[in-house]
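# Descriptive analysis of the structure
Below, each chain spelled out in residue letters.
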Amino acid sequence: MKKYVTRIAALILIFGLSIGTTVSAYAVNSSGGDISVQASDYISSYAAWASAGSGGKVYIYYDIDATGDVARLGAKLIVVQVLDAGVWTNVKTVTGTLSNGMLISNDNSHTGGIVYQGTAGKSYRAVVTVYAGPTSGGDSRIVTTNSVTAKS
Amino acid sequence: MSEKWQPLRISGTNGETAQIQEHLREKSTEDLTQELDDFLDQSTDLDMDIGLLDEYLKIIGEREDFPEFDVENSWFRFERAHQDLLEMEASAEQQSSASNSVSKRKKSRRVKPIQIFLTVAAIVAMLMVASSCGVIDYIIHAIAGWTDEVFYYDVTSESNSEDIKPELPEVETYASLEEALDAYDIDTQYVPKWYPEGFSFEKVKGADASDSIKLKATYNCGKEQIGLTIRQYKSSHALELNALEKNPAVDIYEYSGIQHYIMKNNDTINVTWITGTEMYTIAGNLSIEEAKRMIDSAYEGQE
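Residues take numbers from 1 onward in each chain, read along the sequence in its written order. Written order decides the labels, with chains lettered from A and ligands numbered from 1. Local features in a predicted model are, by the rule used here, given only for residues with pLDDT of at least 70; side-chain atom pairs are given and counted only at 80 or more, and totals for whole chains, interfaces and linings are based on all residues. Water and hydrogen atoms were dropped before computing side-chain values, which therefore reflect all heavy atoms in the structure.

Now for empty space enclosed by the protein. Note on definitions: the grid is 1 Å and covers protein atoms alone; a cavity is a set of points where a 1.4 Å probe fits but cannot get out; a pocket is an open set with protein on both sides within 12 Å along at least five of seven lines; lining residues have an atom within 4 Å of a point. Grid points are joined across faces, edges and corners, and a volume is the space filled by probe spheres set on the points. Applying the stated criterion to the full structure yields 5 cavities of 30 Å³ or more. Estimated volume of the largest cavity: approximately 90 Å³. In this structure, the largest cavity is lined by 13 residues; those nearest its centre are W49(A), D63(A), S212(B), K214(B) and R231(B). Among the elements of the structure, β2 (43-52) of chain A together with β5 (212-221) and β6 (224-233) of chain B are those that each provide at least two residues to the lining of the largest cavity. Classifying every residue of the lining of the largest cavity gives 7 nonpolar, 3 polar and 3 charged. Numbering of helices and strands starts at the N terminus; helices are DSSP runs of H or I of at least 4 residues and strands are runs of E of at least 2. Charged residues are taken to be Asp, Glu, Lys and Arg, nonpolar residues to be Ala, Val, Leu, Ile, Met, Phe, Trp, Tyr, Cys and Pro, and polar residues to be all remaining types, Gly included.

Written out as structure tokens, the structure reads:
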């Protein structure tokens, strides 16, 4: 019995040390046949996602990295949508500005978010437009977040 | 003491030795044997005359009529003569056997701390895993994919984000990358240690969005810039919806068993890989060769 417990504990130790430290990443190239160059002179990477908090709150996050320091950087527009009868419907639109902090100036990285007061049990997502570049004429990208169910 | 045995001492001189030998040769084989028995019985380790013993054995060895040694009879006589000694020895063996049993039981009790250690270590290891993942039982499995325009990670495992309490991101600036990594308790062992010539550290920002942590360190060389971004995810959504801008081609550079994805983004380079629970990105004004050298430096000192 003691040997059994010792062996099980040793196996758990080995397994515990191995998992959580390995992330597998396999490559899948899904590019189509036509070659189109649509990289960006200003945007290096971007992301947007949603998360459900308590009390019906829905958090919409955005994150953008520029290729260098740029005059304007962040989220130009966030449109929050609710799933109603199988159709995504716009419920709130937030425009990004320097004053509300969704846009910042003279930087190369910005992470931010907004909170929407939703109704528990309903599904929400957001369509986020991120921007990087000069005050005008830069590059924008549109990201639709994951959907989340508002919690009570 | 045997009547026939007279204690003799050989002082070592040749003359005395010859006399003793002559004396012994005059005796019968039976007398010699008996005298030898008596001599051995009466002698101790401290006072045994080895020289005399040798003479006895030498003379006996010359005798052709030396009787065959009766082992059983000899052992019987030995037991009878030394009964007390044997009883004491038997008693000592029993005590030794009993103490060995006790020490064995003690040794077996000593094994328990090892079992306890392994059990505790296993629990600690599992807690470390949970801590590093941020969410209990959450393991990220991601498949890298790309289109002509963007590179992304396709997360294949469902995250358990029930325990995450989202908050608006808190952004902080730090004096060094090491300070930022320490502030967010991010492992530093895979951070690149080499940067292209001329680039120097400018700033580092950290953003904690509850389900993900992002650190970005900026290195400048005149108007050129290289950014090192380290992201740690506690749920899959932030990783799954992260895209890197790119030109069509992707170069997969494998080093230290990890695949690193190198892609051009017009005049800049984007590099990304996942190690442990962190996603690393290098982006900026550097060549593909310099990017590979930075990747290599991230593993310097690793076994």
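That shown, we press on.
This part covers the environment of T67(A). Along the polypeptide, T67(A) turns up in strand β3 (residues 57-70). Under this definition, polar contacts are N or O atom pairs within 3.5 Å; protein pairs additionally need one hydrogen-donor-capable and one acceptor-capable atom, and for neighbouring residues in sequence, both atoms have to be side-chain atoms. In terms of polar contacts, T67(A) uses its side chain to reach the backbone carbonyl oxygen of D41(A), at 2.8 Å.

On the surface, E179(B), D182(B), D185(B) and D187(B) cluster together to form a negatively charged patch. Relative to the helices and strands, D185(B) resides in the loop between α6 (177-183) and β4 (200-208). The patches described consist of residues with a relative accessible area above 30% and no salt bridge, like charges being joined within 9 Å and nonpolar side chains (Val, Leu, Ile, Met, Phe, Trp, Tyr) within 5 Å. Only the protein chains shown count as cover for residues, and the accessible areas themselves come from Shrake-Rupley with a 1.4 Å probe. The term salt bridge refers to a pairing of a side-chain nitrogen on Lys or Arg with a carboxyl oxygen on Asp or Glu at a separation within 4 Å. His residues and chain termini do not enter the charge count, which takes Lys and Arg as positive and Asp and Glu as negative. For the purpose of locating charges, the reference atoms are NZ of Lys, CZ of Arg, CG of Asp and CD of Glu.

To continue, consider unusual backbone geometry. Of note in the backbone geometry, A85(A) takes a positive phi value of approximately 55° without being a glycine. Within the secondary structure, A85(A) sits in the loop between β4 (72-84) and β5 (87-95). Relative accessible area serves as the criterion here: at 76%, A85(A) is assigned to the exposed category. Backbone geometry at S256(B) places phi at a positive 55°, although glycine is not the residue there. Type-normalised accessible area, obtained with a 1.4 Å probe on protein chains alone, sets the label of each residue: buried when under 20%, exposed when over 50%, and partly exposed for intermediate values.

Turning to the pairing of β6(B), a few remarks are in order. Residues and elements named next belong to chain B. Counting buried positions along β6 yields 9 of 10 residues, so the element is predominantly enclosed. When DSSP finds two or more bridges between a pair of strands, those strands are recorded as paired. Relative to β6, β5 runs antiparallel, the two sharing 10 bridges. Across the sheet, residue C221 finds its bridge partner in β6, namely E224. Taking the residues that link successive antiparallel strands as the turn, the β5-β6 hairpin has 2 residues, and the phi of G222 there is positive, at about 65°. One ladder, built from 7 bridges, connects β6 with strand β11 (residues 278-284); its direction is antiparallel. In the sheet register, R231 faces β11, and the bridge partner there is M279.

What follows deals with the side chain of K246(B). All names here are of chain B. Following the sequence through the fold, K246 ends up in the loop between β7 (242-245) and β8 (250-255). For the buried residue K246, which engages in no salt bridge, the nearest side chain bearing the opposite charge is D148, 5.3 Å off. A polar side-chain atom of K246 sits 3.4 Å from the main-chain carbonyl oxygen of D148.

On to the packing of aromatic side chains, then. All names here are of chain B. Two aromatic rings from Phe, Tyr or Trp, using only the six-membered ring of Trp, form a pair when their centres are within 6.5 Å; if the ring planes differ by under 30 degrees the pair is stacked, by over 60 it is edge-to-face, and anything between is tilted. Considering all chains together, one arrives at 15 aromatic pairs over all chains under this definition. Ring centres of Y174 and Y184 lie 5.8 Å apart, and the angle between their planes is 75°; this geometry places the pair in the edge-to-face category. With a gap of 10 residues between them, Y174 in strand β3 (residues 170-174) and Y184 in the loop between α6 and β4 connect regions that are remote in the sequence. Assigned by exposure class, Y174 and Y184 land together as buried.

On to the pattern of salt bridges. On inspection of all chains with the given rule, the structure shows 11 salt bridges over all chains. Among the salt bridges present, the one from K203(B) reaches D69(A), with a minimum N-O distance of 3.9 Å. One end of the pair, K203(B), is in strand β4; the other, D69(A), is in strand β3, on a second chain. For D69(A), a relative accessible area of 41% gives the class partly exposed. Note that D107(A) is salt-bridged to K203(B), the shortest N-O span being 2.9 Å. Separated into two different chains, D107(A) in strand β7 (residues 107-117) and K203(B) in strand β4 make up a pair that spans both. Sharing partners across several salt bridges, the network here consists of D63(A), D65(A), K214(B), K216(B) and R231(B).

A few words on the pairing of β7(B). Residues and elements named next belong to chain B. Burial along β7 is two-sided: N242 and L244 facing one way and A243 and E245 facing the other are all buried. In the sheet, strand β2 (residues 150-155) pairs with β7 via 3 bridges, with the strands oriented antiparallel. Looking at β7, one finds that F151 is bridged to L244.

This paragraph deals with the environment of S176(B). Residues and elements named next belong to chain B. Among the structural elements, S176 can be located in the loop between β3 and α6. Residue class for S176 comes out partly exposed when judged on its relative accessible area of 23%. Expressed as a C-alpha distance, the spacing of S176 and K205, which sit 29 residues apart in the sequence, is 9.4 Å. Here, two residues are considered to be in contact whenever any of their heavy atoms come within 4.5 Å of each other. Beyond its immediate sequence surroundings of up to four residues, S176 is in contact with F201 and V204.

Atom-level detail of predicted coordinates should not be read off regions where pLDDT is low. Residue and element names in this part refer to chain B. The predictor reports its confidence for every residue as pLDDT, a score running from 0 up to 100. With 63% of its residues at a pLDDT of 70 or more, chain B shows a mean pLDDT of 75. Ranking the elements of chain B by mean pLDDT puts helix α5 (residues 83-133) last, at 57, and helix α8 (residues 288-298) first, at 95. In the model, residues 1-13 has pLDDT below 50 throughout and makes 25 contacts with residues more than four positions away in sequence or in other chains. Prediction confidence for the complex, expressed as pTM and ipTM, is 0.62 and 0.74 respectively.

Mean pLDDT for chain A: 84, with 76% of residues reaching 70 or above. Under a pLDDT of 50 for its full length, residues 18-37 of chain A has, in the predicted model, 53 contacts with residues more than four places off or in other chains.

Once that is clear, we can look at the sheet that holds strand β9 (residues 258-265) of chain B. In a beta sheet, neighbouring strands are held together by backbone hydrogen bonds and run either parallel or antiparallel to one another. Residues and elements named next belong to chain B. Reading across the sheet, the 8 strands line up as β3-β4-β5-β6-β11-β10-β9-β8 and stay open at both edges, with antiparallel pairing between neighbours. Looking along the sheet, the strands with just one partner apiece sit at the ends: β3 and β8. Within the sheet, the average angular offset between the axes of one strand and its neighbour, ignoring direction, is 20°. With 5 bridges joining them, β3 and β4 adopt antiparallel strand pairing. Residue pairing across strands places E170 opposite D208, the latter belonging to β4. The axes are straight lines fitted to the C-alpha atoms, using for helices just the contacting stretch, and the angles between their N-to-C directions are given from 0 to 180°. Of the strands in this sheet, β8, β9, β10 (268-275) and β11 touch α8, which is tilted by about 30° from β8.

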